[in-house]
Amino acid sequence: MCFVSLSASAQVPVILDTDIAGDYDDVGAMAVLHALADKGEAKILAVVSCNAFETTVPTISVLNTYFGRPELPVGITEGKKPYLDCPQKWAQAIIAMYPHRLSSNKNAEKAVALYRRILAAAPDSSVTIVSVGFFTNLAALLASGPDQYSRLDGRSLIRQKVKQLVSMAASLPPNATKGREYNVYIDTKAARMVFEQWETPVILSPLEVGEQIHTGVPLIRDENIRNSPVKDAYAIALGKDKNTSGRMSWDQTAVLAAIRGIEPWFNVRKVNFRIEDDGSNSLIPGERFSLLELNDRRDELQTLIEQLMHHQPLAPLSIRSNH
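Keep in mind that what you see is a predicted model, and the values were worked out from it rather than measured.

**Student:** Explain the overall build of the protein chain here, please?
**Tutor:** When helices and strands are tallied, the protein chain shows 14 helices and 14 strands. Taken over the C-alpha trace, the protein chain has a radius of gyration of 18 Å; the compact-globule value for 323 residues is 20 Å, and the two agree within 12%. On the principal axes, the C-alpha backbone points of the protein chain span a range of 50 × 50 × 40 Å. Contacts in the protein chain between residues far apart in sequence, at least 24 positions, make up 82% of those at least 6 positions apart. For the protein chain, the accessible surface area stands at approximately 13,500 Å², while carbon and sulfur atoms represent 49% of it.

**Student:** Help me understand helix α1 (residues 25–38) in this model?
**Tutor:** The α-helix winds at 3.6 residues per turn, so residues separated by three or four positions along the chain end up facing the same way. Between the first and last C-alpha of α1 there are 20 Å, a value that for 14 residues agrees with the 20 Å anticipated at 1.5 Å per step. Directly beyond the C-terminal end of α1, a positive phi value near 85 degrees is found at Gly40.

**Student:** What's the story with the sheet that holds strand β12 (residues 273–275) in this structure? I'm lost.
**Tutor:** Strands pair in a sheet through their backbones, by hydrogen bonds, and they do so in one of two ways: parallel or antiparallel. The strand order across the open sheet formed by three strands is β7-β13-β12, and the pairing between neighbours is antiparallel. Each having just a single partner strand, β7 (178–180) and β12 make up the two edges of the open sheet. Strand after strand, the sheet turns through a mean of 25 degrees between neighbouring axes, direction not considered. Bridge count between β12 and strand β13 (residues 280–283): three bridges; the pairing is antiparallel. In the strand pairing of β13, Phe273 is matched with Leu283.

**Student:** Where do I start with the sheet that holds strand β4 (residues 109–110) in this structure?
**Tutor:** One open sheet accounts for nine strands, arranged β4-β3-β2-β1-β5-β6-β8-β14-β11; its pairing is mixed. In this open sheet, the two edge strands, each paired with only one partner strand, are β4 and β11 (266–271). As defined by bridge partners, strand β8 (residues 202–205) adjoins strand β14 (residues 289–294) across three bridges and the pair is classed as parallel. Note on β14: the bridge partner recorded for Val202 is Phe289. Strand contacts of helix α12 (residues 250–260): β1 (12–18), β2 (42–49), β5 (127–131), β6 (162–168), β8, β11 and β14, with the helix running at about 160 degrees to β6, the strand carrying the most contacts.

**Student:** Help me understand the environment of Pro229 in this model?
**Tutor:** Structurally, the position occupied by Pro229 is in helix α11 (residues 229–241). The exposure class of Pro229 is buried, given its relative accessible area of 0%. Separated by 134 residues in sequence, Pro229 and Ile95 place their C-alpha atoms 8.7 Å apart.

**Student:** Could you clarify how one ought to interpret the packing of aromatic side chains in this entry?
**Tutor:** The description of an aromatic ring pair rests on the distance of the ring centres and on the angle between the ring planes. The full count for this structure, using the stated rule, is nine aromatic pairs. Ring centres of Tyr182 and Tyr185 lie 5.9 Å apart, and the angle between their planes is 85 degrees; on these two criteria the pair is classed as edge-to-face. With Tyr182 and Tyr185 both in helix α7 (residues 182–185) and three residues apart, this pair spans about one turn of that helix. Judged by its relative accessible area of 31%, Tyr182 falls in the partly exposed class. Ring-pair connections join several aromatic residues into one group, and the members of that group are Phe135, Phe195, Phe273 and Phe289.

Procedures and definitions
- Residues numbered from 1 in each chain as written.
- Predicted model: local features only at pLDDT ≥ 70, side-chain atom pairs only at ≥ 80, totals over all residues.
- Heavy atoms only, no water.
- Helix = DSSP H or I, 4+ residues; strand = E, 2+ residues; numbered from the N terminus.
- Rg over C-alpha atoms; globule rule 2.2 N^0.38 Å.
- Contact = heavy atoms within 4.5 Å.
- Areas by Shrake-Rupley, 256 points an atom, 1.4 Å probe, with all protein chains shown as cover.
- Expected span 1.5 Å × (residues − 1).
- Pairing = 2+ DSSP bridges.
- Axes fitted to C-alpha atoms, helices over the stretch in contact; angles between N-to-C directions.
- Buried < 20%, exposed > 50% of the residue type's maximum accessible area, 1.4 Å probe, protein only.
- Phe/Tyr/Trp six-rings, centres within 6.5 Å; stacked < 30°, edge-to-face > 60°.

So, in structure tokens, the structure goes:
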């Protein structure tokens with residue numbers, strides 16, 4: 001496979017915030033992100049978990065190690081909640097099967113401190129944050145005060161250093177003015193804070209986009225891919241779900257839009273939302289958010305995401321497992 005090396009200035013600096021464990025499209029999203037990093041299109045600055053479940057940091061470490069980046073900074077939410085289990089136990093399986101540097105959530109940095117450290121060192125208006133989980137960490141970052149990394153409070157630090165936030169969040173069914181989506185209602189208070197106070201451009205990939213893109217079945221049937229935690233996670237989870245059509249690809253769409261942009265895969269609609277007490281999102285006047293919508297290239301988009309999920313590391317496993 002041929003990779004085009006881009007200049008450092010062309011790479012998109014990314015922090016990924018994930019709830020990895022509760023669903024396995026997060027695994028697909030990390031595979032897509034690492035594939036785009038190997039292609040020279042992204043520079044991964046850190047991966048942060050907004051889910052306090054015990055497998056989250058080890059799972060992130062497994063995937064970072066597999067893709068040859070075992071030293072990537074990893075963060076974990078500071079609270080005991082949200083705490084979302086891994087029902088198909090794919091995370092426990094790949095943690096047992098594959099090498100990883102971080103064996104416990106206790107080995108990771110605290111999420112807000114990691115965010116502040118990375119952002120403070122970054123050029124102004126340079127960092128793209130991709131959120132594919134709850135808004136727990138981002139709300140805490142907004143509320144953070146000055147520290148050893150920056151004299152700025154969280155809101156000012158975000159305004160100075162973040163280029164955009166791309167989030168898999170919200171729901172807006174056709175012809176509707178209201179929807180309800182998991183990443184928002186799990187931590188409604190945090191989501192409301194981010195939706196009201198975040199001051200950089202925000203792109204939302206809603207429920208209705210990713211639910212139409214199914215991936216993973218070609219991956220687990222690909223006999224050329226062996227010793228892959230991505231393949232194994234999907235094989236275990238799809239098998240236990242008795243799913244023969246593939247998993248919805250919510251999180252992958254956010255990663256792809258963050259790195260490669262909106263066109264030609266998506267249309268965009270300018271909207272504004274209010275987060276209600278039950279975690280639903282209601283349309284209100286304004287154009288604060290860019291809401292993605294699928295266009296007539298859905299099948300091409302599905303094929304592209306699947307291809308990126310098939311990406312294998314540039315370094316052989318025997319080399320990577322020494323880390």
